[in-house]
Structure formats: structure tokens, C-alpha cells
Amino acid sequence: MTMWVFGYGSLVWNPGFEAQDRVIASLPDYHRSFCMRSIHHRGTDETPGLVLALDEAPGAVCHGVALSVAPESAAEVLEYLRERELISSAYIEKMLEIDLADGRRVEAVTYVIDPDHVQYCGGLDLEEQANIIARAVGGRGPNTEYLFNTTEHLVQLGIMDRDLDWLVRRVRHLAG
């Protein structure tokens, strides 16, 4: 049986594993949000950055990418994803139903934010998000790079996100 993984942020442009197939997909009742403080990859304990997470929001729909994994690679990919995504336990791994652009509905490994985790920061206004992203740097590089890469790749796939577009313009202005 094929394992599916739902990507909405860096998994779109840097999955770190071989995907058999990439299909535009949507996840109901969640939205993509800079609601997780990053203290490892895009910030530090002293100067946390922000990374995207799936925040539960009944009625919302998050558009992203479904990545299929060959059955013989599933265990290895799942181990890799857990090491990458569960580094601080801010994400919860769930099997959620997603809708593929071709009409299929599949279950996918999906990482959603734990709203009770200390790194959760839902509700920040866009200006505050922009100020944090413009200055933070972590182990995987500048927070700006994460924002720019994610937005660029979503646009290439035809996935528009008004908040990300606004953040890109504002962060470019702030970063000079």
C-alpha cells in the first residue's frame, strides 16, 4: 500500500526523500500559519524564528502537495520524517484524509501543530510575523529563506496564499 505525505511548507520544496508522485492536494479544517516558534531550524532559543504549521480551523482548507512513497521505502521515510518533524514535539503526527486534485481521497501522514506546546504562537498579526522572520536565523539558515522558498514553490504550483504574499513583500522591505 502506498504511503502519502501531505506537504504545505518546506516539504513542498525540500522533502528530503524520493517521492514516487507529487499531486496537488487539499486538507480540510486546517490552515497554513506561521504559528510555531522555531528554535532549531530557523531561529534559536535567544531569537526564535517562525515556521509554518497546520493549525486546526474548522471550515478552512489548506492547499499543498501530496507526496507518495513507495511501499518498500515507507518505513525509512517515516523514520526520517519523525526525526525531522518531531524534533521538539511541537508537531503531532496524524493520519488525515486529504483530497487529491485528480479526485481521489487518501489518508496521508500529516504534521499538525500542538496548540498546547510552548512553541505554539497562533494569533500573531502579520506585522509581528514579518518582524520576526526578517531577523531570525537558525541551523538551516535565515528565516527569510524559508518564507521565500516556500512561497515561490507554492506559486509555481499555482497555490496562492495571500498572507504569504504579503509577508514576502513586507519582509523584503524590512530586510532591505
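Structure: above.
One structure accompanies this document, and this report is about it.

Each helix and strand in the protein chain was counted, giving five helices and seven strands. Put simply, the protein chain runs from its N terminus to its C terminus through helices and strands in the order β-α-β-β-α-β-β-α-β-β-α-α. Relative to a compact globule of 176 residues, whose C-alpha radius of gyration would be 16 Å, the protein chain shows 15 Å and is just as compact. Dimensions of the protein chain, computed from C-alpha atoms along their principal axes, come out at roughly 45 × 30 × 30 Å. For the protein chain, with 176 residues in total, the buried portion stands at 49%.

Let us now look at the environment of Asn131. Assignment of secondary structure puts Asn131 in helix 3 (residues 126-135). Along the backbone, Asn131 and Tyr80 are 51 residues apart, and their C-alpha atoms lie at a distance of 32 Å.

One pass over the full model with this rule turns up eight salt bridges. Between Arg82 and Glu93 there is a salt bridge; the shortest N-O distance is 2.7 Å. Remark: Glu93 occurs in strand 4 (residues 91-100) and Arg82 occurs in helix 2 (residues 74-85); sequence separation between them is eleven residues. Across the salt bridge formed by Arg104 and Asp102, the nearest N and O atoms sit 2.7 Å from each other. Accessibility expressed as a relative area gives 47% for Asp102, which makes it partly exposed. Via salt bridges that share partners, Glu97, Asp99 and Arg105 belong to a single interconnected network.

In this structure, Val5, Phe6, Phe34 and Ile98 are the most contacted members of the largest nonpolar core, which totals 54 residues. Other than its neighbours up to four places away in sequence, Ile98 contacts Phe6, Ala25, Ser26, Leu27, Ala66, Arg104, Arg105, Val106 and Ala108.

This next bit is on the packing of aromatic side chains. Aromatic ring pairs are described here by two measures, namely the spacing of the ring centres and the angle between the planes. Under the counting rule described, the total for this entry stands at two aromatic pairs. Note on Phe34 and Tyr146: the rings are 6.1 Å apart at their centroids and 70° apart in plane angle, and the pair reads as edge-to-face. Of the two residues, Phe34 sits in strand 2 (residues 21-38) while Tyr146 sits in helix 4 (residues 143-156), which places them 112 residues apart along the sequence. The same class applies to Phe34 and to Tyr146, which are both buried. Above the ring of Phe148, the side-chain terminus of Arg172 is found at 4.1 Å from the ring centroid.

Below, the discussion takes up the packing of helix 3 against helix 4. Look at helix 3 against helix 4: their axes get within 6 Å of each other, and the N-to-C directions meet at 115°. Judged on the interaxial angle alone, helix 4 and helix 3 are roughly perpendicular. Between helix 3 and helix 4, the contacting residues are Ile132, Ile133 and Ala134 on the first element and Asn143, Thr144 and Leu147 on the second. Across the contact of helix 3 with helix 4, the residue classes tally to four nonpolar, two polar and no charged.

On to helix 5 (residues 162-175). Helical geometry: 3.6 residues make up each α-helical turn, so side chains three or four residues apart lie on a common side. The terminal C-alpha atoms of helix 5, which comprises 14 residues, lie 20 Å apart, in line with the 20 Å expected from a rise of 1.5 Å per residue. Listing the buried residues of helix 5 in full gives Leu164, Leu167, Val168 and Val171. One side of helix 5 holds all its buried residues, which, seen down the axis, span an arc of 105°. Turned more than 90 degrees away from the buried face of helix 5 sit Arg162, Arg169 and His173, all of them exposed. The elements touched by buried residues of helix 5 are strand 2, strand 3 (49-69), helix 3 and helix 4. The N-cap residue of helix 5 is Asp161: its side-chain oxygen and the backbone nitrogen of Asp163 are 3.1 Å apart. The first or second residue beyond helix 5 is Gly176, which carries a positive phi of 75°.

Conventions and cut-offs
- Residues numbered from 1 in each chain as written.
- Predicted model: local features only at pLDDT ≥ 70, side-chain atom pairs only at ≥ 80, totals over all residues.
- Heavy atoms only, no water.
- Helix = DSSP H or I, 4+ residues; strand = E, 2+ residues; numbered from the N terminus.
- Rg over C-alpha atoms; globule rule 2.2 N^0.38 Å.
- Buried < 20%, exposed > 50% of the residue type's maximum accessible area, 1.4 Å probe, protein only.
- Salt bridge = Lys/Arg side-chain N within 4 Å of Asp/Glu carboxyl O.
- Core = buried A, V, L, I, M, F, W, Y, C linked by side-chain atoms within 4.5 Å.
- Contact = heavy atoms within 4.5 Å.
- Phe/Tyr/Trp six-rings, centres within 6.5 Å; stacked < 30°, edge-to-face > 60°.
- Lys NZ or Arg CZ within 6 Å of the ring centre and 35° of its normal.
- Axes fitted to C-alpha atoms, helices over the stretch in contact; angles between N-to-C directions.
- Parallel < 35°, antiparallel > 145°, perpendicular 65-115°, else oblique.
- Nonpolar A, V, L, I, M, F, W, Y, C, P; charged D, E, K, R; others polar.
- Expected span 1.5 Å × (residues − 1).
- Arc of directions from axis to C-beta.
- Polar contact = N/O pair within 3.5 Å; in protein donor to acceptor, adjacent residues only side chain to side chain.

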